[in-house]
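Each chain, written out:
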Amino acid sequence: MNPVPESGNLNQLMALKSDPPHIQPDDVERFALEIYGLSGDFHSLSGERDRNFVFHGDDGRKLILKFSHPHEEPVVLDFQCQALAHIRTHAPALPVPRIYPTLDGHCFQTVKPAGYQAVMLHAQTCIDGVPIPQEYLNHARLRQVGILTAQLDLALQGFEHPAAQHKLAWDLANAEQLLPATESIKNSKVRSLIEEVLHHFVATVTPQFCTMRKQVVHADLHFGNLHTLPEEDAPISGIVDFGDMLKAPLVVEVSTALAEVAISIDNPMSAMAQLLAGYESILPLEAHEHAVLQSCIMTRLAITYVIFSWRLVNQGMLSSAYDGFEDDYSKALATLNSLGPEEFLAAIQTGR
């Protein structure tokens, strides 16, 4: 298949084409010492756009050093840093990373790695634990995820920033811009369903967004961004990766989390009902938000399928973490598409 033509409508997808910055080990050591007064050992972490390192300081500090993608705008990184500070102020018990200041007291600093262009570097405290294993996704855990998601949204209420509505390919409000990229989907049956989902969302849900509750949300609460300790019944130890934050309708937050359940669990409706019940025990949705929930979940799944397919065509590969996405996402979409609106609401509100 030939690469999809690069058009203005796909500008947000084009940002996914370039790799994270190339950072030499000597640069990590040098910048850690110069900017944070930190010496010690470190190892690399995976990252889609940033280059990340866990640094174990000789003085006992354990930080994540994040070298931003060279196309990242300073105002967007400041948005993420200020949001984490807001959460720490208004909900100090929430397990989120803390921005670790530079020796000069700044949230981040521009650095020039050897043989590479200038990038921004910031440090966060390290969250203990590992991403929630799939075998731990029982109903009690899913309810806990829902509760924590709502608590995070409550903590972010009232937070404003000039970059809160920055452009992001994953933003449901930009679904129409991704329609040309459906050419990347090889399976014609799946492509037809995804185009139907996107067209329905653009025609019926997008116009309603302006009337809905809107605030800054994490917008990427999948299980890989929720950490827990190894014990099966251990509480969630941290929420990570605030790189997709934006101001959006509140329903976007919970629908993103529910979409993750849909691809992770066979016969997902009862599991989705547990997460939603946890969320609504803290932050109930309104009737018009319930009415668009099914479309928002399906659109999140459709957008992810489009972006992954586009990247396969234009880059030739995906992270191994996304192996088998075609089957997982198409199965989840088919399950949700088989339910009428009233049937869906009854199932997700009762678990049957």
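Residues numbered from 1 in each chain as written. Predicted model: local features only at pLDDT ≥ 70, side-chain atom pairs only at ≥ 80, totals over all residues. Heavy atoms only, no water.

A. Expanded view of the packing of helix α8 (residues 287-315) against helix α10 (residues 341-350). In contact at an axis separation of 10 Å, α8 and α10 are set at 95° when each is read in the N-to-C sense. When the axis of α8 is compared with that of α10, the two are roughly perpendicular. In this structure, α8 contributes His290, Leu293, Gln294 and Ile297 to the contact, and α10 contributes Pro341, Phe344, Leu345, Ile348 and Gln349. Broken down by class, the residue content of the contact of α8 with α10 amounts to 6 nonpolar, 3 polar and no charged. (Axes fitted to C-alpha atoms, helices over the stretch in contact; angles between N-to-C directions. Helix = DSSP H or I, 4+ residues; strand = E, 2+ residues; numbered from the N terminus. Parallel < 35°, antiparallel > 145°, perpendicular 65-115°, else oblique. Contact = heavy atoms within 4.5 Å. Nonpolar A, V, L, I, M, F, W, Y, C, P; charged D, E, K, R; others polar.)

B. Focus on the packing of α8 against helix α9 (residues 325-337). Relative to each other, α8 and α9 sit at 155°, their axes nearing to 10 Å. Viewed along their axes, α8 and α9 adopt a mutual orientation that is roughly antiparallel. Remark: the crossing between α8 and α9 carries left-handed chirality. Of the residues in α9, those touching α8 at Gln294, Ile297, Met298, Leu301, Ala302, Thr304, Tyr305, Phe308, Ser309 and Leu312 are Phe325, Glu326, Tyr329, Ser330, Ala332, Leu333, Leu336 and Asn337. The residue inventory of the contact of α8 with α9, partitioned by class, reads 12 nonpolar, 5 polar and 1 charged. (Left-handed = near helix turned anticlockwise from the far one by under 90°.)

C. Local environment of the environment of Gly105. Assignment of secondary structure puts Gly105 in the loop between β4 (99-100) and β5 (109-111). Counting along the chain gives 37 residues from Gly105 to Ser68, while the straight-line C-alpha distance between them is 19 Å.

D. Broad picture of a negative patch on the surface. On the surface, a cluster of negative charge is contributed by Asp26, Glu29, Asp41 and Asp58. Assignment of secondary structure puts Glu29 in helix α2 (residues 25-36). (Patch = residues over 30% accessible without salt bridge, like charges linked within 9 Å, V, L, I, M, F, W, Y side chains within 5 Å. Areas by Shrake-Rupley, 256 points an atom, 1.4 Å probe, with all protein chains shown as cover. Salt bridge = Lys/Arg side-chain N within 4 Å of Asp/Glu carboxyl O. Lys, Arg positive; Asp, Glu negative; His and termini not counted. Charge placed at Lys NZ, Arg CZ, Asp CG, Glu CD.)

E. Fine view of the pattern of salt bridges. Summed over all chains, the structure comprises 8 salt bridges. For Asp59, the salt bridge goes to Arg61, with nearest N and O atoms at 2.7 Å. Note that Glu289 is salt-bridged to Arg213, the shortest N-O span being 2.6 Å. Of the two residues, Glu289 is situated in helix α8 and Arg213 in the loop between α5 (188-205) and β8 (214-217); the sequence distance between them amounts to 76 residues. What makes Arg213 partly exposed here is its relative accessible area of 28%. (Buried < 20%, exposed > 50% of the residue type's maximum accessible area, 1.4 Å probe, protein only.)

F. Molecular detail of the confidence of the model for the chain. On average, residues of the chain score 91 in pLDDT, and 93% of them are at 70 or above. Taken together, the stretch residues 1-8 has pLDDT below 50 and engages in 18 contacts with residues farther than four places along the chain or on a different chain. (pLDDT = per-residue confidence, 0-100.)

G. Just the packing of aromatic side chains, in detail. Counted under the stated rule, the structure contains 12 aromatic pairs. Here Phe31 and Phe67 contribute two aromatic rings whose centre-to-centre distance is 6.2 Å and whose plane-to-plane angle is 50°, an arrangement assigned as tilted. Residue Phe31 is found in helix α2, and its partner Phe67 is found in strand β3 (residues 62-67); the two are separated by 36 residues along the sequence. When sorted by exposure, Phe31 lands in the same class as Phe67, which is buried. Both rings, one in Phe53 and one in Phe67, keep their centres 5.9 Å apart while their planes meet at 90°; by these two values the pair is edge-to-face. With Phe53 in strand β2 (residues 51-57) and Phe67 in strand β3, the pair connects residues that are 14 residues apart, well separated along the chain. Each member of the pair Phe53 and Phe67 is classed as buried. (Phe/Tyr/Trp six-rings, centres within 6.5 Å; stacked < 30°, edge-to-face > 60°.)

H. Spotlight on the side chain of Glu72. Positionally, Glu72 belongs in the loop between β3 and α3 (74-90). For the buried Glu72, which has no salt bridge, the nearest side chain bearing the opposite charge is Arg49, at an N-O separation of 5.0 Å.

I. Quick look at α5. With 18 residues, α5 ought to run about 26 Å at 1.5 Å a step, and its terminal C-alpha atoms sit 25 Å apart, in line with that. Buried within α5 are the following residues: Val190, Leu193, Ile194, Val197, Leu198, Phe201 and Val205. For α5, the angular spread of buried residues about the axis comes to 130°, placing them on one side. Along α5, exposed side chains directed more than 90 degrees from the buried face belong to Lys189 and Ala203. If you follow the buried residues of α5, they end up packed against α8 and α9. N-cap assignment for α5: the residue whose side-chain oxygen lies 3.0 Å from the backbone N of Lys189 is Asn187. (Expected span 1.5 Å × (residues − 1). Arc of directions from axis to C-beta. Polar contact = N/O pair within 3.5 Å; in protein donor to acceptor, adjacent residues only side chain to side chain.)

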